[in-house]
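The lines below spell out each chain.
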Amino acid sequence: MNTEMRRNSIVVVANRLPIDETVAPDGVREWRRSPGGLVSALHPILREVRATWIGWAGGTGRAPELPDVDGVALRAVPLSTKEFHQYYEGFANSTLWPLYHDAVEQPVHHRRWWEAYQRINRRFAEMTAEVAEREALVWVHDYHLQLMPAMLRALRPDVRIGFFLHIPFPPAELFMQLPRRAELLRGLLGADLVGFQGRYGAQNFTQLANRLLGAQSRYPEIVFEGRVVRTGAFPISIDTAAMEELASRPEVVRRAAQIRADLGGPENVILGVDRLDYTKGIEHRLTAYRELLADHTLKVPNTVMVQVAVPSRERIEHYRILRDRVEREVGRINGEFGRVGVPAVHYLNQNFDRAELAALYRAADVMVVTPLRDGMNLVAKEYVASRVDGGGRLVLSEFTGAAAELRQAFLVNPHDLEGLKEGLLRALDADPADASRRIRAMRRYLRAHDVRAWARSYLTALDDSGALAAALNNG
Ligand code: GDG
């Protein structure tokens, strides 16, 4: 096997390219690298090798020609308006997303969406087959592209294929609801390594391969059609050093103080930061907060809450309904408990830049992360890493991937309203020395387990030749 070729060439395939098109006030259009996310995670590794990233550039119609981003070649996959609707909003985000998140909203099934999903997966596979060098490593990301590994293998048996799922992989009881469940599993089993955020996902996948396809498995290996497919848990993380650096900047520290002053100088600032998604448990935390105000355990203006709800998937019905419900609850809380000039909840349905997010993290006494189900939850990790001052307290749902790692958080079950209120109070009332010990322990953990460690451990597991690991260690 020519390992020389393999270690020098990686193709990353994800639904979205790591760039955004910006339009300056004078109308000039420009592509910019998206802040944060996968690209910064992979950058240190990708710059050591020849790398191409394949994905959708946003927008519909013809795919744009794109410049390299930090030495990574970009190839855009085109989507028509109809395909965007059926593949992205439809099968990916209205069928798979709710089903994989415990069906907290009812998954929607349409045969036409499935056809579009197959077609787009094939398009991604064909472009990858065209671009990948001989024996390259191909790393496919997330639920949008689960059919792609097998499609690519049929076209290019020489490449080494990895798949990583960023969201939970559900237990059989849920997965079995999918009309095309066996085909999806076969798609994934086209990979050499199928990685998950946690061990449960990997185990669910292994059991389903046995049950539905008669594979022979002993975790973490699956033997399917004469090939060995490895599975495993690879919990994703953040760029801890970059987060610490950002949060330590004098302008961020000043901005954090300004935010607290603008909030009226309260004793306690409670913060939530989420995409406006029904998996994030935003309503549960608002209800807990409302009840604590109603029984006078908490009082405005001593305590205020800031909820950042970043707009997301706004054309999908479930998301519109959620937005209405959240906004109604915010209105109710402010109507009942706000004062003139001091709302009880500051609700921000906007995007912020990374520095403003860091300032919010540093301004918050308690961060509340209450998803009903979440693959990992990077917000929780970012909050901890930003607390270079040793301050802050994290309330974290047991149903996040992060809960398996951030054991010193105040862990809660968001379905248990009383438990959630108690968790919030435990965090607010924690002895400062205890709170600081918890944050410091979690920060230490995140320094050792940052996103680079994640990417490295995944890619070295994928590259069975060991050549990549050697190249990275020398690099
Ligand atoms: C999926 C899985 C898994 C938030 N607001 C703004 C902003 N953000 C950034 C955060 C964080 C990211 O977005 C959100 O990541 P999460 O992990 O919290 O959640 P999902 O978007 O659902 O991500 C999840 C993740 O994939 C990775 O595998 O952890 O479980 O669901 O980085 O900081 N960024 C900017 N402005 C904002 O207003 N720039």
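These numbers come from a predicted model, not from an experiment.

(A) Looking closely at the sheet that holds strand E1 (residues 9-16). Judged by pairing direction, the sheet is mixed, and its 9 strands sit side by side in the order E5-E4-E1-E6-E7-E8-E11-E10-E9 without closing on themselves. In this open sheet, the two strands that pair with only one neighbour each are strand E5 (72-76) and strand E9 (216-218). Within the sheet, the average angular offset between the axes of one strand and its neighbour, ignoring direction, is 20°. Of the pairings in the sheet, the one linking strand E7 (residues 160-164) to strand E8 (residues 193-196) comprises 3 bridges and is parallel in character.

(B) Structural detail: the nonpolar core. Counting residues in each nonpolar core, the largest one holds 168 residues, and the members touching the most others are Trp53, Tyr100, Phe169, Tyr289, Leu394 and Trp454. Examining the composition of this core, we find that 10 residues originate from one element, helix H4 (residues 111-131), more than from any other. Counting only domains with at least three residues in this core, you end up with domain 1 (3-236 + 451-474) and domain 2 (240-448).

(C) Just the pairing of E5, in detail. Burial of the side chains of E5 is restricted to one face: Val72, Leu74 and Ala76 are buried, whereas none of Ala73 and Arg75 on the reverse face is. Of the strand pairs in this sheet, strand E4 (residues 50-56) and E5 are connected by 5 bridges, and their pairing is parallel. What sits directly across from Thr52, in E5, is Ala73.

(D) Spotlight on unusual backbone geometry. Of the consecutive residues Tyr219 and Pro220, the connecting peptide bond is found in the cis state with omega at 5°. With respect to the helices and strands, the residue Pro220 is situated in the loop between E9 and strand E10 (221-224). Here the residue pair Val300 and Pro301 is connected by a cis peptide bond, since its omega of 5° sits within 30 degrees of zero. Tracing the backbone through its elements, the reader meets Pro301 in the loop between helix H11 (282-294) and strand E13 (303-310). For Asp142, which is not a glycine, the phi torsion comes out positive at approximately 80°. Take Asp142: it is sitting in the loop between strand E6 (137-141) and helix H5 (148-155).

(E) Structural view of the site of the ligand. Around the ligand lies a shell of 19 residues, among which His166, Phe352, Asp374, Leu378 and Glu382 are the nearest. With respect to the ligand, the side chain of His166 contributes an N or O atom lying 2.7 Å from an oxygen atom. The separation between an oxygen atom of the ligand and a polar side-chain atom of Lys280 is 2.9 Å. Against a free-state accessible area of 730 Å², the protein chains account for coverage of 83% of the ligand. Among the elements of the structure, helix H13 (354-363) and helix H14 (378-386) are those that each provide at least two residues to the shell around the ligand. By residue class, the composition of the shell around the ligand is 9 nonpolar, 5 polar and 5 charged.

(F) Layout of the domain arrangement of the protein. You can read the domains of the protein as domain 1 (3-236 + 451-474) and domain 2 (240-448). If you average the C-alpha positions of domain 1 and of domain 2, the two centres end up 30 Å apart. Between domain 1 and domain 2 the total buried area reaches about 1700 Å² when both faces are included, carbon and sulfur atoms providing 59% of it. Applying the counting criterion to the domain 1 and domain 2 interface returns 3 salt bridges. Summed over the shared surface of domain 1 and domain 2, the number is 7 residue pairs in polar contact (both at pLDDT 80 or more). Partitioned by chemical class, the residues of the side of domain 1 that touches domain 2 number 14 nonpolar, 8 polar and 3 charged.

The rules behind these values
Residues numbered from 1 in each chain as written. Predicted model: local features only at pLDDT ≥ 70, side-chain atom pairs only at ≥ 80, totals over all residues. Heavy atoms only, no water. Pairing = 2+ DSSP bridges. Helix = DSSP H or I, 4+ residues; strand = E, 2+ residues; numbered from the N terminus. Axes fitted to C-alpha atoms, helices over the stretch in contact; angles between N-to-C directions. Core = buried A, V, L, I, M, F, W, Y, C linked by side-chain atoms within 4.5 Å. Buried < 20%, exposed > 50% of the residue type's maximum accessible area, 1.4 Å probe, protein only. Domains from an automatic or database assignment. Near = heavy atom within 4 Å. Polar contact = N/O pair within 3.5 Å; in protein donor to acceptor, adjacent residues only side chain to side chain. Areas by Shrake-Rupley, 256 points an atom, 1.4 Å probe, with all protein chains shown as cover. Nonpolar A, V, L, I, M, F, W, Y, C, P; charged D, E, K, R; others polar. Buried area = accessible area lost by both parts, 1.4 Å probe. Salt bridge = Lys/Arg side-chain N within 4 Å of Asp/Glu carboxyl O.

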